[in-house]
Amino acid sequence: MYVEKLHEWLAPDGDYLLVHFVPRSVGDWRPGGPRRVRYDTILRTFDRLPLEAHDEMFYDLPFPLGPKAVAGIYWFRPPAFRGP
């Protein structure tokens, strides 16, 4: 539902920036904090928006969320914006 609405809300020349926490490894679990989503899941979820760029940043966080967390950063740009 969110992805369908995103296409409705996003202007033809609009960009969409998504930042979320990424699992660091197969055994990455935390008793609290935000849900972590893998790169391939993000690409499948937003498959109708072309990915312009992707990066990851590492953050120091206190226990029980840390000691390190990884944030995935995705920049999606609709085809209408690409121009000639």
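Just so you know, these numbers come straight off a predicted model, no measurement behind them.

Could you clarify how one ought to interpret the pattern of salt bridges in this entry?
Side chains that differ in sign of charge can pair as their charged atoms come close. A full pass over the atoms with the stated rule returns 4 salt bridges. Between Glu-8 and Lys-5 there is a salt bridge; the shortest N-O distance is 3.4 Å. Residue Glu-8 and its partner Lys-5 are located together in helix H1 (residues 2–9), separated by 3 residues, close to a single helical turn. A salt bridge links Arg-44 to Asp-40; the nearest nitrogen and oxygen atoms lie 3.5 Å apart. With a gap of 4 residues between them, Arg-44 and Asp-40 both fall in helix H2 (residues 39–45), about one helical turn apart. Look at Arg-44 and you get exposed, because its relative accessible area is 54%.

Looking at this structure, how should I read the nonpolar core?
Membership of the largest hydrophobic core is limited to 11 residues, which are Val-3, Leu-6, Leu-10, Tyr-16, Leu-18, Val-37, Ile-42, Phe-46, Leu-49, Tyr-74 and Phe-76. Look past the residues within four positions of Tyr-16 in its chain and what remains in contact with it is Tyr-2, Leu-6, Leu-10, Phe-46, Leu-49, Tyr-74, Trp-75 and Phe-76.

Please explain the side chain of Arg-77 as it appears in this structure.
With respect to the element layout, Arg-77 can be found in the segment after strand S3 (68–76). Separated by 3.2 Å, the side chains of Arg-77 and Asp-15 make a polar contact.

What is the right way to look at the sheet that holds strand S2 (residues 51–60) in this model?
Taken together, 3 strands build an open sheet; the order of strands is S1-S3-S2 and the sheet is antiparallel. Each edge of the open sheet carries a strand with a single partner, namely strand S1 (16–22) and S2. Averaged over all adjacent pairs, the angle separating strand axes in this sheet is 20°, with direction ignored. With 9 bridges joining them, S2 and S3 adopt antiparallel strand pairing.

Rules behind the numbers
The written sequence of each chain sets the order in which its residues are numbered from 1. At least 70 in pLDDT is required for a residue's local features to be given in this predicted model, at least 80 for side-chain atom pairs to be given and counted, and no such filter applies to totals for whole chains, interfaces and linings, which use all residues. By convention in this description, side-chain values take in all heavy atoms of the structure and omit both hydrogens and water. We define a salt bridge as a contact between a side-chain nitrogen of Lys or Arg and a carboxyl oxygen of Asp or Glu at a distance within 4 Å. Counting from the N terminus, the helices are DSSP H or I runs at least four residues long and the strands are E runs at least two residues long. When accessible area is computed with a 1.4 Å probe and restricted to protein chains, residues below 20% of their type maximum are described as buried, those above 50% as exposed, and intermediate ones as partly exposed. Here, the term nonpolar core denotes a set of buried Ala, Val, Leu, Ile, Met, Phe, Trp, Tyr and Cys residues that are joined through side-chain atoms within 4.5 Å. By definition in these notes, contact holds between two residues if any of their heavy atoms fall within 4.5 Å. For the purposes of these results, a polar contact is taken to be a pair of N or O atoms within 3.5 Å, where, inside protein, one atom must be able to donate a hydrogen and its partner to accept one; residues adjacent in sequence count only when each atom of the pair is a side-chain atom. For two strands to pair, DSSP has to find at least two bridges joining them. Axis geometry follows a simple rule: fit a line to the C-alpha atoms, using only the stretch in contact for helices, then measure angles between N-to-C directions, giving values from 0 to 180 degrees.

Function cannot be read off these values alone, since they describe shape.
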